[in-house]
Amino acid sequence: MTTMPRTLKPADLYRKLEHIAENAKTWNRLMTTKAAIAQTPKELIWTLNKAKLYHYIPVVPADQRHRIPLLMVFAIMNRPHVLDLRPGHSFVEYMLKHGYDLYLLDWGAPSPEDRGMKFDDYVLDYLPRAIRKLKRVSGSDEFSMLGWCLGALITTLYGALRPDDGLKNLLLLTAPLDFSDKQAGGFIRWTSERSFNADKLIETFGNMPGEMIDYGAKALKPVENYIGNYLNLWSNIDNPKVVESWHAMNTWVTDIIPMAGATYRQLINEFYKENRLMNGTLTLRGEHVDLSKLRANLLNVIAEADHITPPCQSEGVMEKVGSRDKALYHIQGGHIGIMAGSGAEKRTWPHIEAWLADRSD
Amino acid sequence: MSQKEDPNPFDPTGMFKSMRDAGMDAWSKMMIQLINSEAYARASGTMLDAWLTSSAPFRKAIESTMTQVLTQLNMPIRTDVTSLAERLTHIELRLDDLEAKLDERSQPAPKAATGKSKETGT
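Since we're looking at a predicted model, the values are computed, not measured.

Calculation rules
- Residue positions are counted from 1 within each chain, in the order its sequence is given.
- Each chain gets a letter, beginning with A, and each ligand a number, beginning with 1, in the order they are written.
- It should be noted that, the model being predicted, local features are given only for residues of pLDDT at least 70 and side-chain atom pairs only at 80 or more, the latter also being counted only at that level, while totals for whole chains, interfaces and linings use all residues.
- Here a strand is any run of E in DSSP of at least two residues, a helix any run of H or I of at least four, and the numbering for each starts at the N terminus.
- Exposed residues have 12 or fewer other C-beta atoms within 10 Å of their own C-beta, buried residues have 20 or more, and residues in between are partly exposed; the C-beta atoms are placed from the backbone.
- Each residue gets a C-beta atom placed from its backbone, and two residues are in contact if those atoms lie within 7 Å.
- Residue classes follow a fixed rule: Ala, Val, Leu, Ile, Met, Phe, Trp, Tyr, Cys and Pro count as nonpolar, while Asp, Glu, Lys and Arg count as charged, and any other residue, Gly among them, counts as polar.
- Where each domain begins and ends follows an automated or database-derived domain assignment.
- Note on definitions: angles span 0 to 180 degrees between N-to-C directions of axes, and those axes are lines fitted to C-alpha atoms, for helices only across the stretch in contact.
- Roughly parallel refers to an angle under 35 degrees, roughly antiparallel to one over 145, roughly perpendicular to one between 65 and 115, and oblique to any angle outside these ranges.
- In this analysis, strands are considered paired if DSSP registers two or more bridges between them.
- Handedness is read with the strands pointing away from the viewer; a crossover is right-handed when the path from the first strand over the helix to the second is clockwise.
- For a helix, the expected span equals 1.5 Å multiplied by the number of residues minus one.
- The term bend refers to the angle at a residue between two fitted axes, each drawn through seven residues, those ending there and those starting there.

**Q** Please explain the overall build of chain B as it appears in this structure.
**A** Each helix and strand in chain B was counted, giving three helices and zero strands. Each helix and strand of chain B, ordered N terminal to C terminal, gives the series α-α-α. Buried positions account for 2% of the 122 residues belonging to chain B.

See below:
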């Protein structure tokens, strides 16, 4: 049954205005300050150029920890803090509590002198050296790797090129690997266009500006990202849980970094346009990348509603890899939401942890 | 996310919100269709290409002027700085190799992969 609204008294009006002023203050705080993200204690154990390898301080006694350490490799065009978003909602925290010896490779932000860096350098120089350090610090000759987005592409390339280097388990999250379907999503449509010239872009900018990458990602869902995101925040601005979660995510999203120019050019030309990895024609520093040589146990996690890496870009790799133990796991959610959204702790993390736990001792 | 409830017919704000949500959904779907279309891909590619082509002469002129000015002033130009940074990275790579070799000499090799207990990682 509905009731007629009461007559608004001056006192009520004053309270309402006060409430709006409070909300405006909260809004101002969210837009002008950074949330405390990536707070889990860690130590820096290795650096090379801008790349840093961190070791998270274990929270479980050594005799209860899994024997095989886990190295997390995030994409090269964003900060990796989303893996450790905020206390109480952090994949890093979750895995530490479940007894993993955890390492994070942060690629850092490329500067003008890094414009010539390619996937070849990430896969054959940086990653093997970071792994060498991880092995030394952990004391284990075997390790697991979790790669997310372009981090998943890098870890896949590494797994195929260095199958005997001790990689036991490989977890891929929203991995862009197969670009055979040129109609699958906005990115591939834009970049497949003949007039889209990655060479000219890089010749102009040196490195691919973070702002352009950010625009590209947001433009795939323009109304949600530029308007809906803020309307939803305003609608929930009384809810501290939603507000703090939004603040943390916004802090991460707005911390944009460029992408090394030659890597971007390679991504567009050799992967998006020519699909060399899946066609079997990709070489890195003269070494042929043969996916059938990848033998690590493989869990390939796919976000059903991923508009950045549509599911078809990740699924095709399953029949190409040489792994005997391999599994595909579809999760409802978007590119980032499956790992950092409010449902991640119930849906994605437990599945990843359970799969890895069976293969980490 | 905002919860969708039955709008109160006497609450103009609620009605406005439900109209706004419906409008946003429709608008969002339309925009996603648009940006995923061949026409958008072609138009954005052409515009980007035109902008890069037309700005190139100005960019080159600024770069060459800046190079001349800095050289006249006996100051390092951009390529001097970047090549120095590149050399530093090469030195870092060599140092990393040296450190790895020292590690190998000073510590026993990592444990074998199979049949070991969980006592690692500290």
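Picking up where we left off.
**Q** What's the story with the interface of chain A and chain B in this structure? I'm lost.
**A** A common way to express how large an interface is: the accessible area buried when the components associate. Counting from both sides, the interface comprises 48 residues of chain A and, opposite them, 43 residues of chain B. Mapped by element, the contributors of at least two residues to the side of chain A that touches chain B are α3 (119–138), α5 (186–192), α6 (198–205) and α8 (222–235) of chain A. For the side of chain A that touches chain B, the per-class residue count stands at 14 nonpolar, 16 polar and 18 charged.

**Q** Which parts of the structure should I look at to understand the domain arrangement of chain B?
**A** Domains assigned within chain B are domain 1 (11–74) and domain 2 (76–107). On a C-alpha basis, the centres of domain 1 of chain B and domain 2 of chain B stand 39 Å from each other.

**Q** Sorry, what's going on with the packing of α6(A) against helix α10 (residues 261–273) of chain A here?
**A** For any two helices packed against each other, one specifies the inter-axial angle together with the distance between the axes. Residue and element names in this part refer to chain A. Where α6 contacts α10, the two axes come as close as 9 Å, and the packing angle between them is 170 degrees. Relative to α10, the element α6 lies roughly antiparallel. Residues Ala198, Asp199, Ile202 and Phe205 of α6 form the contact with α10, whose own contacting residues are Gly261, Tyr264, Arg265, Ile268 and Asn269. Split into classes, the residues belonging to the contact of α6 with α10 amount to five nonpolar, two polar and two charged.

**Q** Help me out: how do you make sense of the pairing of strand β5 (residues 143–148) of chain A in this one?
**A** Across a regular strand the side chains alternate sides, sitting on one face of the sheet and then on the other. All names here are of chain A. Within β5, six of the six residues are buried, leaving the element largely enclosed by the surrounding structure. By the bridge criterion, four bridges tie strand β3 (residues 70–73) to β5 in an arrangement that is parallel. From the neighbouring strand, Val73 faces β5, where its bridge partner is Gly147. In this sheet, strand β6 (residues 167–173) lies alongside β5 in parallel orientation, the contact comprising six bridges. Note on β6: the bridge partner recorded for Trp148 is Leu173. In this fold, β5 hands off to helix α4 (residues 150–161), which returns the chain to β6; that crossover is right-handed.

**Q** Just checking my understanding: could you explain the sheet that holds strand β10 (residues 326–331) of chain A for this structure?
**A** Through backbone hydrogen bonds, the strands of a sheet pair up, either in parallel or in antiparallel fashion. All names here are of chain A. Pairing is mixed in the open sheet, where eight strands are placed in the order β1-β2-β4-β3-β5-β6-β9-β10. Strands with a single pairing partner mark the edges of an open sheet, and in this sheet they are β1 (42–48) and β10. With direction set aside, neighbouring strand axes in the sheet form an average angle of 20 degrees. In this fold helix α14 (residues 348–357) packs onto β3, β5, β6, β9 (297–303) and β10, with an angle of close to 170 degrees to the strand it touches most, β9.

**Q** Before we go on, may I ask you to explain helix α2 (residues 38–72) of chain B in this structure?
**A** Think of an α-helix as 3.6 residues a turn; residues three or four steps apart then line up on the same face. Residue and element names in this part refer to chain B. The terminal C-alpha atoms of α2, which comprises 35 residues, lie 50 Å apart, in line with the 51 Å expected from a rise of 1.5 Å per residue. Along its length, α2 reaches its greatest deviation from straightness, about 40 degrees, at Ala56, and the proline Pro57 lies no more than four positions downstream. Sparse coverage of α2 is indicated by the burial of one of its 35 residues. Count one or two residues on from α2 and you reach Asn74, which has phi positive near 60 degrees.

**Q** Just to check I follow, could you spell out α3(A) for this structure?
**A** Residues and elements named next belong to chain A. The end-to-end C-alpha distance of α3, which contains 20 residues, comes to 26 Å, matching closely the 28 Å that a straight helix rising 1.5 Å per residue would cover. Taken as a whole, α3 carries its principal kink of about 30 degrees at Leu127; the proline Pro128 stands between one and four residues after it. With 14 of 20 residues buried, α3 is to be regarded as a mostly interior element. Just downstream of α3 lies Gly139, where phi reads positive at about 80 degrees.

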